[in-house]
Protein chains: 2
Amino acid sequence: MTTKTATREPRDGVRAEVRAMARAAREAARRLSALPTAVKNAALLAAADRLASAAGRQALAAANAEDVAAAKAAGLAAPMVDRLTLTEARIAQMAAGLREVAALPDPVGETVKRWRRPTGLEVARVRIPLGVIAIIYEARPNVTADAAALCVKAGNAVLLKGGSEARRSNAAIGKLLVEAFTGAGVPAGAVQVIATADRAATEELLTLDEDIDLVIPRGGEGLIRFVAERSRIPVLKHYKGVCHVYVDRAANLDTAEAIVVNAKAQRPSTCNAMETLLVHAEIAPKALPRLASALRAKGVRLKGDARAASLAPGIERATEADFGQEYLDLVANVAVVDSLDAAMAHIARYGSSHTESIVTEDAEAAERFLREVQSSTVLHNASTRLADGFELGLGAEIGISTSKLHAFGPMGLEELTTTKFVVRGQGQLRA
Amino acid sequence: MTTKTATREPRDGVRAEVRAMARAAREAARRLSALPTAVKNAALLAAADRLASAAGRQALAAANAEDVAAAKAAGLAAPMVDRLTLTEARIAQMAAGLREVAALPDPVGETVKRWRRPTGLEVARVRIPLGVIAIIYEARPNVTADAAALCVKAGNAVLLKGGSEARRSNAAIGKLLVEAFTGAGVPAGAVQVIATADRAATEELLTLDEDIDLVIPRGGEGLIRFVAERSRIPVLKHYKGVCHVYVDRAANLDTAEAIVVNAKAQRPSTCNAMETLLVHAEIAPKALPRLASALRAKGVRLKGDARAASLAPGIERATEADFGQEYLDLVANVAVVDSLDAAMAHIARYGSSHTESIVTEDAEAAERFLREVQSSTVLHNASTRLADGFELGLGAEIGISTSKLHAFGPMGLEELTTTKFVVRGQGQLRA
């Protein structure tokens with residue numbers, strides 16, 4: 001019993017602290033929602049300067065060195081230590097990111113639509129911030145600055161809970177941001193870093209549906225499932241990306257080869273990398289050997305159905321389960337399909353509604369694919385790797401949603417807002 | 001143990017049936033998403049004709065008579081029996097509702113935004129259906145037809161689970177709808193009524209996050225909390241409406257009286273009825289006696305703070321808790337505030353972010369109120385009762401969301417869709 005009490009006490013302290021932070025965020029959110037764009041931009045630029053200043057860089061380096069030393073002592077894998085490490089270049093990148101967000105248009109106050117009712121009522125839908133957003137992420141300290149910038153620019157207060165291995169770095173980044181922000185007139189409480197190794201903090205956070213409007217988990221599937229299963233607050237989920245490139249019978253093979261290689265091999269560890277290549281049966285005898293050889297030249301291991309394996313050498317046989325896999329690696333499935341419809345049926349069955357591309361010179365086939373495939377990004381003659389907030393022109397990206405509610409696909413500043421109805425009357429009543 | 005097994009068997013049957021229905025809805029949704037507008041409209045008009053035909057009316061009357069007889073035998077309260085009853089006029093209204101939805105513009109396929117990237121990529125955000133929607137509602141059979149029409153028009157498959165007292169009526173409506181819909185080319189599975197008195201059906205439904213994209217509960221707070229607490233699927237919640245009218249110091253008192261009386265007394269049982277009247281201290285000595293007397297003439301009982309009670313006779317003293325109450329009745333709170341800021345602070349503290357109105361001739365005060373109050377509908381010189389999908393011009397309403405994710409305020413056809421990114425390229429790759 002004593003042990004139980006002893007371990008419960010600090011946890012209760014953490015829980016109370018998280019509740020107080022969420023309440024402070026709610027208070028700050030009200031003032032933040034009315035903050036002029038110029039004040040928010042000045043705050044972001046001041047924060048960039050502060051991170052990039054000699055004192056800022058020194059503070060970050062010192063905190064980060066402690067995190068890195070602890071991580072190494074704990075035997076953390078080398079790639080995780082690498083992601084945790086704040087080099088001078090990464091600090092400069094964080095500062096540049098803050099300046100980029102300052103340069104983006106402010107979504108708050110935008111009139112999305114406006115109309116007049118026969119009664120004379122003027123109705124408008126106007127963008128407003130969501131309120132309070134919690135970001136839960138892994139041990140990548142740069143997310144602290146990036147996510148804070150996007151949330152605040154869209155008028156939201158933000159609670160940042162990063163992986164505990166990065167907690168000293170996150171706290172240091174948070175301190176610099178808050179100093180710069182409050183100096184520029186952004187209310188205290190707008191940005192708060194939860195820097196603890198106690199998992200009770202995250203558990204408590206996910207129950208606070210009165211004070212938090214949205215939770216965005218950023219990281220691997222394990223983290224996302226942990227958050228989605230526990231949260232009483234709406235969650236924008238980002239599950240796996242099982243993305244397809246369909247090479248149609250009317251494809252230009254130069255275009256197809258360039259897109260397929262880029263989609264698979266340019267950065268295979270990302271969610272918008274191609275996992276499965278579909279080739280129309282009419283073009284497969286010519287296309288498949290060429291595409292397979294180009295992929296193999298990039299070190300890609302191929303798994304195929306019987307027809308694909310018979311058309312090109314060195315293709316292993318894929319299992320049914322392989323077609324639902326997100327490899328995130330230099331591995332790809334290949335299947336031969338008899339028609340555009342068969343390609344779309346394959347995508348509907350095995351895909352994850354993330355991103356799919358058709359390569360074809362047949363405009364009609366392209367339009368059918370773009371219309372009928374219900375994934376968050378559908379492309380014609382372009383690489384799946386372009387399904388990204390920055391590449392598509394959203395300016396920056398807070399994540400990619402694979403569920404359809406609120407946002408579907410890459411999420412930028414607009415997706416961190418909602419709309420209210422603003423109604424101007426001259427005494428109108430309900431009849 | 002035997003009893004347990006005996007009761008579990010039929011429940012397992014119900015659960016399996018619900019799973020099969022959700023799976024069929026998912027299959028139908030894919031085909032439904034590509035259905036031309038003309039086919040959907042023809043189906044809605046055919047369904048209207050069928051409900052309004054002699055055979056249709058007879059089938060509905062017979063099923064409804066059984067429901068009503070059972071409800072009376074079970075001792076259901078008179079207002080609930082009334083809501084359950086399908087009169088000839090109500091059947092005609094359902095048919096008219098289907099025709100109205102047929103006449104609304106189809107949101108599916110609409111290009112919401114379109115831009116060009118420096119690389120030549122053409123990017124568009126295009127509306128697509130959400131997929132499969134479950135509507136959970138009380139014993140109001142008319143919701144069956146209304147909700148089915150809106151969901152199908154927006155290209156979604158729908159599972160309809162109404163209150164068990166109305167299950168025979170709902171099944172009869174569903175049968176007529178499905179006959180008309182499938183006859184017009186809408187896939188079977190697009191509209192399915194779950195007509196059972198077994199609560200296991202709803203419990204099972206709320207776990208099916210693979211096959212259902214959205215749950216919309218329609219009814220009282222108890223039903224909404226039941227759904228929100230159990231659902232693994234995103235829920236569009238509609239909690240209470242604690243709506244305010246703020247009579248500013250620059251209000252025209254004729255306008256104020258008309259709006260306050262309409263907002264409170266035109267239909268007090270609705271979520272957009274006024275629950276609290278706020279009056280600026282400078283105008284209160286003149287305004288409050290007049291407004292109080294006009295409200296009392298409509299039978300409204302008033303509860304006020306000390307200042308309000310001192311300015312007009314017959315105002316009871318309100319408790320702190322009263323100001324957070326949704327009365328849904330001929331009762332209202334009254335408070336005197338010293339400024340526009342105090343009015344907005346009161347609304348932020350006690351309101352439910354539903355609907356608030358300012359009455360004033362001061363354009364600057366009005367614009368501040370419209371900008372800074374973060375409720376789903378904010379009005380100037382108009383009754384809170386106008387916060388409604390039909391009144392605001394959405395054409396029809398599937399509900400009113402008081403949470404900010406996905407939709408905030410009255411929800412029409414657009415809110416039953418999401419957007420995908422459609423990208424047209426000429427071989428663009430990720431650099």
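Shown above is the structure to which this text applies.
It should be emphasised that the depicted structure is a prediction, and the values quoted were computed from it without experimental measurement. (Residues numbered from 1 in each chain as written. Chains lettered and ligands numbered in written order. Predicted model: local features only at pLDDT ≥ 70, side-chain atom pairs only at ≥ 80, totals over all residues. Heavy atoms only, no water.)

**Some thoughts on the overall build of chain A**
For step 1, the next point in the chain: Within chain A one finds 14 helices and 16 strands.
For step 2, the next point in the chain: Here the C-alpha radius of gyration of chain A, 25 Å, is about what a compact globule of 431 residues would show, namely 22 Å.
For step 3, the next point in the chain: Overall size of chain A, expressed as C-alpha extent along the three principal axes, is 70 × 65 × 50 Å.
For step 4, the next point in the chain: The proportion of buried residues among the 431 residues of chain A is 57%.
For step 5, the next point in the chain: In chain A, of all internal contacts separated by at least 6 residues, the share reaching a separation of at least 24 is 72%.
For step 6, the next point in the chain: For chain A, the accessible surface area stands at approximately 16700 Å², while carbon and sulfur atoms represent 51% of it.
For step 7, the next point in the chain: Taking the 54 positively charged and 50 negatively charged side chains of chain A as two groups, their mean positions are separated by 4 Å. (Helix = DSSP H or I, 4+ residues; strand = E, 2+ residues; numbered from the N terminus. Rg over C-alpha atoms; globule rule 2.2 N^0.38 Å. Buried < 20%, exposed > 50% of the residue type's maximum accessible area, 1.4 Å probe, protein only. Contact = heavy atoms within 4.5 Å. Areas by Shrake-Rupley, 256 points an atom, 1.4 Å probe, with all protein chains shown as cover. Lys, Arg positive; Asp, Glu negative; His and termini not counted. Charge placed at Lys NZ, Arg CZ, Asp CG, Glu CD.)

**Topic: the interface of chain A and chain B**
For step 1, the next point in the chain: Facing the 71 residues of chain A at the interface are 70 residues of chain B.
For step 2, the next point in the chain: A per-residue breakdown of the area chain A buries against chain B is headed by L405, F421 and R430 of chain A, which together make up 15% of the total.
For step 3, the next point in the chain: If you look at where chain A meets chain B, you find ten salt bridges.
For step 4, the next point in the chain: One salt bridge connects K113 of chain B with E414 of chain A, and the closest N-O pair in it is separated by 2.4 Å.
For step 5, the next point in the chain: Our count for the contact surface shared by chain A and chain B stands at 49 residue pairs in polar contact (both at pLDDT 80 or more).
For step 6, the next point in the chain: Among the residues forming the side of chain A that touches chain B, the class breakdown is 32 nonpolar, 22 polar and 17 charged.
For step 7, the next point in the chain: Strand direction decides the pairing type here: strand β13 (residues 377-382) of chain A and strand β16 (residues 417-428) of chain B, joined by five bridges, are parallel. Among the inter-strand pairings, V378 of chain A is bridged to a residue of β16 of chain B, identified as V422 of chain B. (Buried area = accessible area lost by both parts, 1.4 Å probe. Salt bridge = Lys/Arg side-chain N within 4 Å of Asp/Glu carboxyl O. Polar contact = N/O pair within 3.5 Å; in protein donor to acceptor, adjacent residues only side chain to side chain. Nonpolar A, V, L, I, M, F, W, Y, C, P; charged D, E, K, R; others polar. Pairing = 2+ DSSP bridges.)

**Some points on the pattern of salt bridges**
For step 1, the next point in the chain: Within this structure, the stated rule accounts for 68 salt bridges over all chains.
For step 2, the next point in the chain: Between E367 of chain A and R424 of chain B there is a salt bridge, with the nearest N and O atoms lying 2.6 Å from each other. With one member in each of two chains, E367 of chain A in helix α14 (residues 363-372) and R424 of chain B in strand β16 form a pair that bridges those chains.
For step 3, the next point in the chain: Given the relative accessible area of 32%, E367 of chain A is considered partly exposed.
For step 4, the next point in the chain: For the salt bridge of K264 of chain B with E275 of chain B, the shortest nitrogen-to-oxygen distance reads 3.0 Å.

**Notes on the side chain of T377 of chain B**
For step 1, the next point in the chain: On the secondary structure map, T377 of chain B appears in strand β13 (residues 377-382).
For step 2, the next point in the chain: Once residues lying within four places of it in the same chain are set aside, the contact partners of T377 of chain B are F421 and V423 of chain A together with H354, T355, E356, A387, L392 and P410 of chain B.

**Focus: the sheet that holds strand β11 (residues 331-337) of chain B**
For step 1, the next point in the chain: Strand order in the open sheet made by the ten strands is β1(A)-β2(A)-β16(A)-β13(B)-β12(B)-β7(B)-β8(B)-β11(B)-β9(B)-β10(B), with mixed pairing throughout. Sheet topology places β1 (111-116) of chain A together with β10 (316-317) of chain B at the edges, where each strand pairs with a single neighbour.
For step 2, the next point in the chain: Inspection of the sheet shows strand β7 (residues 243-247) of chain B paired to strand β12 (residues 355-359) of chain B by four bridges, in the parallel sense. Within β12 of chain B, the position partnered with Y246 of chain B by the bridge is I358 of chain B.
For step 3, the next point in the chain: The strands touched by helix α14 (residues 363-372) of chain B within the sheet are β16 (417-428) of chain A together with β7, β12 and β13 of chain B, with β16 of chain A carrying the most contacts at an inclination of about 150 degrees. (Axes fitted to C-alpha atoms, helices over the stretch in contact; angles between N-to-C directions.)

**Observations concerning the packing of helix α5 (residues 88-103) of chain B against helix α6 (residues 142-153) of chain B**
Residue and element names in this part refer to chain B.
For step 1, the next point in the chain: As a packed pair, α5 and α6 sit with axes 9 Å apart at the nearest point and diverge in direction by 10 degrees. In terms of their interaxial angle, α5 and α6 are classed as roughly parallel. Contacts between α5 and α6 pair M94, L98, V101, A102 and A103 from the former with N142, A145, A149, L150 and K153 from the latter.
For step 2, the next point in the chain: The residue inventory of the contact of α5 with α6, partitioned by class, reads eight nonpolar, one polar and one charged. (Parallel < 35°, antiparallel > 145°, perpendicular 65-115°, else oblique.)

**A closer look at the side chain of K264 of chain B**
All names here are of chain B.
For step 1, the next point in the chain: With respect to the helices, strands and loops of the structure, K264 is situated in helix α10 (residues 253-265).
For step 2, the next point in the chain: The class of K264 is buried, set by a relative accessible area of 0%.
For step 3, the next point in the chain: Of the polar contacts made by the side chain of K264, one reaches the backbone oxygen of D329; its length is 3.0 Å.

**Side note on the environment of A363 of chain B**
Residue and element names in this part refer to chain B.
For step 1, the next point in the chain: Relative to the helices and strands, A363 resides in helix α14.
For step 2, the next point in the chain: By relative accessible area, A363 is classed as exposed at 54%.
For step 3, the next point in the chain: Along the chain, A363 and N170 lie 193 residues apart, while their C-alpha atoms are 50 Å from each other.

**Looking at the packing of aromatic side chains**
Residues and elements named next belong to chain B.
For step 1, the next point in the chain: Summed over all chains, the structure comprises four aromatic pairs over all chains.
For step 2, the next point in the chain: Considering the side-chain rings of Y246 and F369, the 6.4 Å spacing of their centres and the 20 degrees angle between planes classify their relative orientation as stacked. Of this pair, Y246 sits in strand β7 while F369 sits in helix α14, and the two are 123 residues apart along the sequence.
For step 3, the next point in the chain: Given a relative accessible area of 0%, Y246 falls into the buried group.
For step 4, the next point in the chain: We classify F369 as buried; its relative accessible area is 0%.
For step 5, the next point in the chain: Taking the centre distance of 5.7 Å and the plane angle of 45 degrees together, the rings of F323 and Y350 count as tilted. You can see F323 sitting in the loop between β10 and β11 and its partner Y350 sitting in helix α13 (residues 340-350), a full 27 residues away along the chain. (Phe/Tyr/Trp six-rings, centres within 6.5 Å; stacked < 30°, edge-to-face > 60°.)

**Quick notes on unusual backbone geometry**
For step 1, the next point in the chain: Here S353 of chain A, not a glycine, exhibits a phi torsion of approximately 65 degrees, which is positive.
For step 2, the next point in the chain: Secondary-structure assignment places S353 of chain A in the loop between α13 (340-350) and β12 (355-359).
For step 3, the next point in the chain: We classify S353 of chain A as partly exposed; its relative accessible area is 29%.
For step 4, the next point in the chain: At L328 of chain B, a position not held by glycine, the phi torsion is positive, near 55 degrees.

**Notes on the sheet that holds strand β3 (residues 132-137) of chain A**
Residue and element names in this part refer to chain A.
For step 1, the next point in the chain: With respect to topology, four strands assemble into an open sheet ordered β5-β4-β3-β6, the strand pairing being parallel. Unpaired on one side and paired on the other, β5 (191-193) and β6 (214-218) mark the two borders of the sheet. In this sheet, adjacent strand axes meet at a mean angle of 15 degrees when their direction is disregarded.
For step 2, the next point in the chain: Note that strand β4 (residues 157-161) and β5 share three bridges and pair parallel.

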